[in-house]
Amino acid sequence: MKKSTLIGIVVVIIAILCGGFYFISNQLSNNQIQARYTSAMSAGKSAVEQKDYDQAKSDFTKAYAIKNTDEASAYASQAGNMSDAESDIKEAQYDDAINELNAVIDQAHGYDVMVSQAKSLKRTINEVKDNYTNQIKPLLDKAQQAETDKDYSSEVDYFKQVLALPYINGKYYKEYKQEATNGLEQAQALLKNQQKSKKTSSAEEDTGTAGTTGAGAMGDHKVNGKTVKESTIDAIRKRITALGYDGSSWSPQDIIDLYRQAYANGHKTADSITADDINAWLK
């Protein structure tokens, strides 16, 4: 065999071996890429099953970085839209959420599981939107107006109505429930203080501030069997001043005693008290 022929045979054998090694190496590399891609896609699908769309988006994006497929790209986009839709719902941005879900449903090369989830969530959002618009928001608005009007009793009732709604414990109503709960606690506190204030004011109106040391001081606060009210004391004080005396120097008890004496003389109103009544009492 000629030397040149032998060399040619060796070259051919080497080429065949190199080609085989390249093919095997390339095949192994492709298998590894496919395995990594499949693993990332599987992880993303598992996250979708758990409705953890942020994680799903991360997994599908990773899969796309390994192997640029339309499927991985579409799945990542869908997962992102699902996550955005849930965020929009929490902020009561229902129209935006529906737009996000429509994008999931219409996504080319999309994942059928997410399409099904999007359709279900869309129905839920429409129901939530309807409940919020027609029931929750009107009650919360009325509660706010009642607080502005200091009608705390009505405010308490409106918040209780929100908390009594049959669906208020649902996933997408948590923020409204918390708002109503916090509002109710505040309204109840305001109502309690208001009632306490009214009770105190009523007591002061009934007993007046007769005596030299203010409300509740010792002394006879009654005229004709009835406790003299603060408004009557103020009216008599003005009458005393109008008749030329220093009404500001008279104590509430002094005014009541004057009124008792004038009443006995037939002068039963502040305006009917005369200078003679005053002079008689001063003596």
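One structure accompanies this document, and this report is about it. (Residues numbered from 1 in each chain as written. Predicted model: local features only at pLDDT ≥ 70, side-chain atom pairs only at ≥ 80, totals over all residues. Heavy atoms only, no water.)

A word on the packing of aromatic side chains. Evaluated as defined, the whole model comprises 6 aromatic pairs. Residues Phe-60 and Tyr-75 carry aromatic rings whose centres are separated by 5.2 Å and whose planes lie at 75 degrees to one another, so their mutual orientation is edge-to-face. Taken together, the residues span a long stretch of sequence, with Phe-60 in helix H2 (residues 53-66) and Tyr-75 in helix H3 (residues 70-90) at a distance of 15 residues. Take Phe-60: its relative accessible area is 0%, and that puts it in the buried class. Three or more aromatic residues joined by ring pairs form one cluster here, namely Phe-60, Tyr-75 and Tyr-111. (Phe/Tyr/Trp six-rings, centres within 6.5 Å; stacked < 30°, edge-to-face > 60°. Helix = DSSP H or I, 4+ residues; strand = E, 2+ residues; numbered from the N terminus. Buried < 20%, exposed > 50% of the residue type's maximum accessible area, 1.4 Å probe, protein only.)

What the rule picks out here adds up to 5 salt bridges. One salt bridge in this structure joins Glu-86 and Lys-171, with 3.6 Å as the shortest N-O distance. Residue Glu-86 is located in helix H3, and its partner Lys-171 is located in the loop between helix H6 (152-163) and helix H7 (174-207); the two are separated by 85 residues in the primary sequence. For Asp-220, the salt bridge goes to Arg-260, with nearest N and O atoms at 3.3 Å. Placement of the pair is Asp-220 in the loop between H7 and strand E1 (222-223) and Arg-260 in helix H9 (residues 252-264), with a sequence separation of 40 residues. By relative accessible area, which is 25% here, Arg-260 ends up partly exposed. Each of Asp-220, Asp-257 and Arg-260 takes part in a single network of salt bridges with overlapping partners. (Salt bridge = Lys/Arg side-chain N within 4 Å of Asp/Glu carboxyl O.)

As a packed pair, helix H4 (residues 94-106) and helix H5 (residues 112-148) sit with axes 9 Å apart at the nearest point and diverge in direction by 165 degrees. Our classification of the angle between H4 and H5 gives roughly antiparallel. Crossing hand, H4 versus H5: left-handed. Here Tyr-94, Asp-95, Ala-97, Ile-98, Leu-101, Asn-102, Val-104 and Ile-105 of H4 lie close against H5, whose contacting residues are Met-114, Val-115, Ala-118, Lys-119, Leu-121, Lys-122, Ile-125, Asn-126, Val-128, Lys-129 and Tyr-132. A per-class count over the contact of H4 with H5 returns 13 nonpolar, 2 polar and 4 charged. (Axes fitted to C-alpha atoms, helices over the stretch in contact; angles between N-to-C directions. Parallel < 35°, antiparallel > 145°, perpendicular 65-115°, else oblique. Left-handed = near helix turned anticlockwise from the far one by under 90°. Contact = heavy atoms within 4.5 Å. Nonpolar A, V, L, I, M, F, W, Y, C, P; charged D, E, K, R; others polar.)

This part covers the environment of Tyr-173. Of note, Tyr-173 is situated in the loop between H6 and H7. Sequence separation between Tyr-173 and Lys-90 is 83 residues; the distance between their C-alpha atoms is 8.3 Å. If near-sequence neighbours (up to four positions away) are discounted, Tyr-173 is found in contact with Glu-127, Val-128, Asn-131, Ile-136, Tyr-167 and Ile-168. Looking at Tyr-173, its side chain comes within polar contact range of the side chain of Asn-131, at 2.8 Å. (Polar contact = N/O pair within 3.5 Å; in protein donor to acceptor, adjacent residues only side chain to side chain.)

Between its terminal C-alpha atoms H9 stretches 19 Å, which fits the 18 Å expected from 13 residues at 1.5 Å a residue. For H9, the complete set of buried residues consists of Pro-252, Gln-253, Ile-255, Ile-256, Leu-258, Tyr-259 and Ala-262. The elements touched by buried residues of H9 are E1, helix H8 (230-242) and helix H10 (275-282). Note on H9: the residue one or two positions beyond its end, Gly-266, has a positive phi of about 95 degrees. (Expected span 1.5 Å × (residues − 1).)

The topology assignment puts Asp-88 in helix H3. Buried charge without a partner: Asp-88 forms no salt bridge, and the closest opposite charge is Lys-90, 11 Å away. Filtering out sequence-adjacent residues up to four positions away, Asp-88 remains in contact with Gln-93, Asp-96, Ala-97 and Glu-100. (Lys, Arg positive; Asp, Glu negative; His and termini not counted.)

With 48 residues, the main nonpolar core has Phe-60, Met-82, Met-114, Ile-125 and Ile-136 as its most contacted residues. Within the residue set of this core, elements represented by two or more residues are helix H1 (3-49), H2, H3, H4, H5, H6 and H7. Considering every element that reaches this core, the biggest residue donor is H5, with 10 residues. Apart from residues lying up to four places away in sequence, Ile-136 is in contact with Asn-131, Val-162, Leu-165, Tyr-167, Ile-168, Tyr-173 and Tyr-176. (Core = buried A, V, L, I, M, F, W, Y, C linked by side-chain atoms within 4.5 Å.)

If a residue is not glycine, its phi is most likely negative; likewise, a peptide bond is most likely trans. Even without being a glycine, His-109 presents a positive backbone phi close to 60 degrees. If you trace the backbone, His-109 turns up in the loop between H4 and H5. The backbone of Asn-224 shows a phi angle near 55 degrees, a positive value even though the residue is not glycine. Mapped onto the elements, Asn-224 comes out in the loop between E1 and strand E2 (226-227). Residue class for Asn-224 comes out exposed when judged on its relative accessible area of 54%.

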